[in-house]
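Chains, contacts and geometry: an overview
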Amino acid sequence: MAQASSALAHPPEPTLALPRSFWKTFVKEYWNRKPTVFRGLFPQHFPTSQDIFQALLSCGERYRAGDFKQLIRFYIEHEPEPGQVPDYSALFSLSRYLPVAGDGTLDAYVARITHQLRGRRFGIVLNNLQTYQWDHWLQMKSFLSGFYEALGVPMSGADSALFMGNYQSTPFGVHKDDLHIFNFIIEGHKVMSMWPFEMLADRPEVPKNIPGMAEQGAIIHLRDKEDEQQLLSQAQFLEAQAGDIYYWPASYWHRAEPSKDLTVSASLGVSFRPPEFVGAAPKHEWPGKLRHAELPDGSKWKVPEAVRRSIGKRGSRPNVLAADRESTAAWVRFLTTGAMEGSPPQDRDAQPLTGQDWVRTHPLRPIVTTALSEGHLLVAANGHSSTLAPSVVVRRRLEKLVATLNTGRPVRVKELEEAFFTKLEGRTFKRSAFQALMNDLLRWRAVRRCEPGQGG
């Protein structure tokens, strides 16, 4: 066995998995019923301020490199006129306002930003937080595993959004989402005001006679301070500290109330509507949810039948086979993220594997292979994928390679390569292609280096 001091010894992965008893009580007492605060559920592995700094730093690097597709909002608070509520402006050029490596810590970054803003209050909202920090994806994925088992897998794609700042109240005011929310308080003391949908449904800005409006997003436009005070007199207030988790249903209006100092939270939203990436397909019924057991669990996993039926109804599109491949690949990537919206970050610093390296997979995150039309084969893990067009013989070798890796046992790369190419002519599949695939798996964190015989 490898010694704990080995450079290849990996620390335990962060997990926020909760027992079935918790989720049984949650479904019975709170789900889609009422908001609550769960206090101190996790003695360890809770997200930290440094995790958030690393995620924001990654966001800043991508933003400056032009490799940026997610939604980030940076708000500056303005002092209100007498009798009015504060208003906020949004910055659209963020290069100077996102972290740089020299900041070092979240506190140092906040100090720099506060100086740049001349003391004005600010707020940052960053969607797809799990796509910027590997540990945060592991934390949210493990937390959702119990939710999925209890309630099914929501096909909209769960998403973690960062809310951070010293703003007096939520920059976009009293609102409701089309998501059920778990809000993880990472730093600070947070007070939330909440109202059931019906309590504010008669306000003129709330659309009327729309089916399911209680489950859709909307915003309340406060007229002035008097209007705000009248609303707050009807609100329920819940308080939470670092380490606590809020839950509120999609039907609840809410707003964060003034806090003394910086607050940092990750808001994990879930919904059972179809995922956004199916929008390019002709309109038809998509599965509302899947069973927990239908998520990828090993080499023999297949795309769920409900998904296959839905993909098969795309016949009105031209180039239907290519469209089916594209759609199937998107679904497989989505399901291998743990049905989260956006893939976790790749390990761009990973050094290429050598034949002498030993690697292993994680038992809870298998690599999957999926047959596509016209003989194509998809290899996917952790929200990333590669589409190959192998011969029948090479396809079987690829499936056997993945099955070997998915045992979770340490195996040397050289032995994997020798087994793959035994009695296989070089022109059928090049060794450089094999090595490229293995390095893809390494970057996707589907395999990682280990010592011979290393477990755990």
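Data block above holds the structure.
Residue positions within a chain follow its written sequence, with the count starting from 1. The model is predicted, so local features are restricted to residues of pLDDT at least 70 and side-chain atom pairs to those at 80 or more, both for listing and for counting; the totals for chains, interfaces and linings are taken over all residues. Note that the side-chain values use all heavy atoms of the structure and ignore hydrogens as well as water.

Whether a residue is buried, partly exposed or exposed follows from its accessible area with a 1.4 Å probe, protein chains only, as a fraction of its type maximum: under 20%, in between, or over 50%, in that order. Runs of E in the DSSP output that reach at least two residues are strands. Runs of H or I that reach at least four are helices, and both are numbered from the N terminus. Within strand β18 (residues 377-381), five of the five residues are buried, leaving the element largely enclosed by the surrounding structure. Here β18 shows no split at all, with Leu377, Val379 and Ala381 on one side and Leu378 and Ala380 on the other all buried. A pair of strands is treated as paired once DSSP finds two or more bridges between them. Where strand β17 (residues 368-371) meets β18, four bridges bridge the pair, whose relative direction is antiparallel. Residue pairing in the sheet places Val368 in a bridge with Ala380 of β18. Where β17 folds back on β18, the antiparallel hairpin that results is connected by five residues, among which Glu374 adopts a positive phi of roughly 55°. As paired strands, β18 and strand β19 (residues 384-388) are joined by five bridges and run antiparallel to one another. Of the residues in β19, the one forming a bridge with Val379 is Ser386.

The next subject is unusual backbone geometry. In this model, Asn32 sits at a positive phi of 60°, which is unusual for a non-glycine residue. Looking at the element boundaries, Asn32 is found in the loop between α1 (20-29) and β1 (36-38). One non-glycine residue, Asn209, adopts positive backbone phi at about 55°.

On to the packing of helix α9 (residues 392-405) against helix α11 (residues 431-443). Comment: axis = line fitted to C-alpha atoms, over the contacting stretch for helices; angle = value between 0 and 180 degrees taken between N-to-C directions. It is at 13 Å that the axes of α9 and α11 come closest, and there the two elements cross at 35°. Here α9 runs over α11; the crossing is right-handed. Contacts between α9 and α11 pair Leu398, Leu401 and Leu405 from the former with Phe434, Leu437, Met438 and Leu441 from the latter. Nonpolar residues are Ala, Val, Leu, Ile, Met, Phe, Trp, Tyr, Cys and Pro. Charged residues are Asp, Glu, Lys and Arg, and all others, Gly as well, are polar. Tallied by class, residues from the contact of α9 with α11 come to seven nonpolar, no polar and no charged. Helix crossings are classified by the rotation of the near helix relative to the far one: an anticlockwise turn of less than a right angle makes the crossing left-handed, while a clockwise turn makes it right-handed. Every residue pair with non-hydrogen atoms within 4.5 Å of one another is taken to be in contact.

Looking now at the nonpolar core. Counting residues in hydrophobic clusters, the biggest one holds 74 residues, and the most contacted among them are Phe26 and Met164. In terms of residue count, the dominant contributor to this core is helix α4 (residues 134-151) (nine residues). In contact with Phe26, not counting residues within four places along its chain, are Trp31, Phe38, Phe147, Leu151, Phe182 and Tyr247. To define a nonpolar core, start from buried Ala, Val, Leu, Ile, Met, Phe, Trp, Tyr and Cys residues and group those joined through side-chain atoms within 4.5 Å. Formed by 27 residues, the second largest nonpolar core is a distinct cluster that contains Leu388, Leu405, Val411 and Val413.

Another point: the packing of aromatic side chains. Any two rings among Phe, Tyr and Trp, with Trp reduced to its six-membered ring, count as a pair given centres within 6.5 Å; such a pair is stacked if its planes are under 30 degrees apart, edge-to-face if over 60, and tilted if neither. Following the criterion strictly, the structure yields 34 aromatic pairs and no others. Taking 6.3 Å as the distance between ring centres and 80° as the angle between the ring planes, the aromatic pair formed by Trp31 and Phe272 counts as edge-to-face. Of this pair, Trp31 sits in the loop between α1 and β1 while Phe272 sits in the loop between β14 (263-270) and β15 (289-290), placing them 241 residues apart in sequence. A relative accessible area of 13% means that Trp31 is categorised as buried. Look at Phe272 and you get partly exposed, because its relative accessible area is 28%. Seen in terms of ring centroids, Phe147 and Phe182 are 6.0 Å apart; in terms of plane orientation they differ by 85°. Their pairing is edge-to-face. Taken together, the residues span a long stretch of sequence, with Phe147 in helix α4 and Phe182 in strand β8 (residues 180-187) at a distance of 35 residues. When the ring centre of Phe421 is taken as origin, the NZ or CZ atom of Arg431, which lies over that ring, is 4.4 Å away. The criterion is that NZ of a Lys, or CZ of an Arg, lies within 6 Å of the ring centre and within 35 degrees of the ring normal, and then a charge sits over that ring.

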